[in-house]
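Inside the fold
Below, each chain spelled out in residue letters.
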Amino acid sequence: MKKKYFIPLLITSILITLSFCTTAFFYNKKHIPSTSKEVPTMKNSKTLDKALESSSFLEKNTTKYQEIDYIDTNQFIEKINKLLDLEYSTHEINNIFKYINEKNIEKMLTMEKINVHNYYQVPNFEVDKISRYEKYQNIHNCSIEEAVIKVNIGLDHDFYTQIELSENVDEYTVLVNKYHSLENYEPSDLVSLSYSSNYKLREKAAEAFEKLVSAAKLDNVYIRPYSAYRSYETQKRIYNNYVKKDGQMLADTYSARPGHSEHQTGFAVDVWSEGYNEIRPNDANWLKENAPNFGFIIRYTEENMPITGYIEEPWHLRYLGEDIAKDVTEKNITYDEYYDLYIK
Ligand SMILES: [Zn+2]
């Protein structure tokens with residue numbers, strides 16, 4: 001061999017040998033169990049132990065059971081089998097049990113596989129609304145968190161088009177809006193306000209309201225109720241009059257349809273400044289700052305209109321109890337959002 005070829009050939013062969021050795025080294029590291037070639041190592045696995053004890057044990061899933069962290073939940077092995085059948089990976093299954101609530105998991109077992117990883121960090125998602133979330137996100141180009149809350153409220157449909165019954169109508173946390181109706185519900189413990197027996201609220205709300213009025217006086221703010229509890233029939237009359245006067249589209253921005261008014265819960269009261277047919281700006285400011293300390297929120301603000309569907313109503317107070325009223329105000333969100341995130 002000519003001397004001028006020898007050096008390049010030598011270098012090339014060294015390089016080939018080296019790259020072969022490296023590949024072989026990593027290949028071995030990945031694919032051959034470190035202890036012995038013949039007996040594969042069995043991981044210590046509580047899930048596998050439980051599967052072996054269970055009548056639902058499936059031999060084909062033996063190695064998969066080992067990769068799934070044990071969770072103390074109903075029918076754990078049956079759920080794993082079903083999720084594996086639906087072709088969820090063991091990694092996904094671990095996250096499903098870690099992040100997704102039981103109700104959603106139950107529903108997932110009856111559906112085709114979904115892109116579940118999008119929802120691990122969205123605790124208020126509901127598995128049967130996934131196609132609505134995706135549609136909303138595409139139209140509005142928003143985050144998944146926003147799509148979930150907006151769809152949960154119902155905002156992917158027009159107001160008053162998809163109506164559900166309000167739940168827990170006797171609780172002061174009850175949600176009433178353009179998607180939730182009280183129908184002809186009547187509260188049982190209405191009491192008159194001291195200002196006039198024409199105005200009634202539920203006992204707790206009435207007590208809180210009297211305290212609020214007294215505290216306001218100490219700050220030289222004089223307010224009075226001008227509308228409190230309203231029955232379904234009263235609301236119907238009021239709303240129909242507004243529709244006659246302004247047409248339904250406009251009336252809907254400032255008056256609730258019967259069954260959809262917070263006043264029907266007995267937990268809402270409208271206030272005016274004493275001696276005026278309105279709430280004066282100073283008094284409205286006092287309410288904004290102080291009402292939460294007495295358990296009331298200003299339910300309808302200008303910035304919340306896209307969610308509530310109502311124009312600003314600085315006079316409309318909604319009783320939610322001190323803790324929730326303060327929390328809603330601090331978080332600066334609508335009660336509709338708060339309800340979906342923390343109450344439902
Ligand atoms: Zn009102």
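About the criteria used
- Residues numbered from 1 in each chain as written.
- Predicted model: local features only at pLDDT ≥ 70, side-chain atom pairs only at ≥ 80, totals over all residues.
- Core = buried A, V, L, I, M, F, W, Y, C linked by C-beta atoms within 7 Å.
- Buried ≥ 20, exposed ≤ 12 C-beta atoms within 10 Å, placed from the backbone.
- Helix = DSSP H or I, 4+ residues; strand = E, 2+ residues; numbered from the N terminus.
- Contact = placed C-beta atoms within 7 Å.
- Axes fitted to C-alpha atoms, helices over the stretch in contact; angles between N-to-C directions.
- Left-handed = near helix turned anticlockwise from the far one by under 90°.
- Nonpolar A, V, L, I, M, F, W, Y, C, P; charged D, E, K, R; others polar.
- Parallel < 35°, antiparallel > 145°, perpendicular 65-115°, else oblique.

**Some remarks on the nonpolar core**
- Of all hydrophobic cores here, the largest spans 39 residues; its most connected members are Leu-201, Phe-209, Leu-212, Ala-291, Phe-296 and Ile-297.
- Taken together, the elements giving at least two residues each to this core come down to β4 (196–202), α9 (203–218), β6 (268–273), α12 (281–290), β7 (296–300), β8 (313–319), α14 (322–331) and α15 (335–343).
- With seven residues, the top contributor of residues to this core is α9.
- Among residues more than four places away in sequence, those in contact with Leu-212 are Ala-291, Phe-294 and Phe-296.
- With 21 residues, the next largest nonpolar core counts Leu-48, Ile-68, Ile-77 and Ile-96 among its residues.

**Digging into the packing of helix α7 (residues 130–140) against helix α8 (residues 144–153)**
- Contact geometry for α7 and α8: axes closest at 9 Å, N-to-C directions at 120°. Of the two elements, α7 crosses α8, and the hand of that crossing is right-handed. Of the residues in α8, those touching α7 at Arg-132, Tyr-133, Tyr-136 and Gln-137 are Ile-144, Ala-147, Val-148, Lys-150 and Val-151.
- A per-class count over the contact of α7 with α8 returns six nonpolar, one polar and two charged.

**A closer look at the packing of α8 against α15**
- Two elements in contact, α8 and α15, have axes whose closest approach is 10 Å; the angle formed by their N-to-C orientations is 105°. Between α8 and α15, the crossing angle belongs to the class labelled roughly perpendicular. In contact with Ile-149, Asn-152 and Ile-153 of α8, α15 contributes Asp-336, Glu-337 and Asp-340.
- Grouping the constituent residues of the contact of α8 with α15 by class yields two nonpolar, one polar and three charged.

Geometry only, nothing functional implied.
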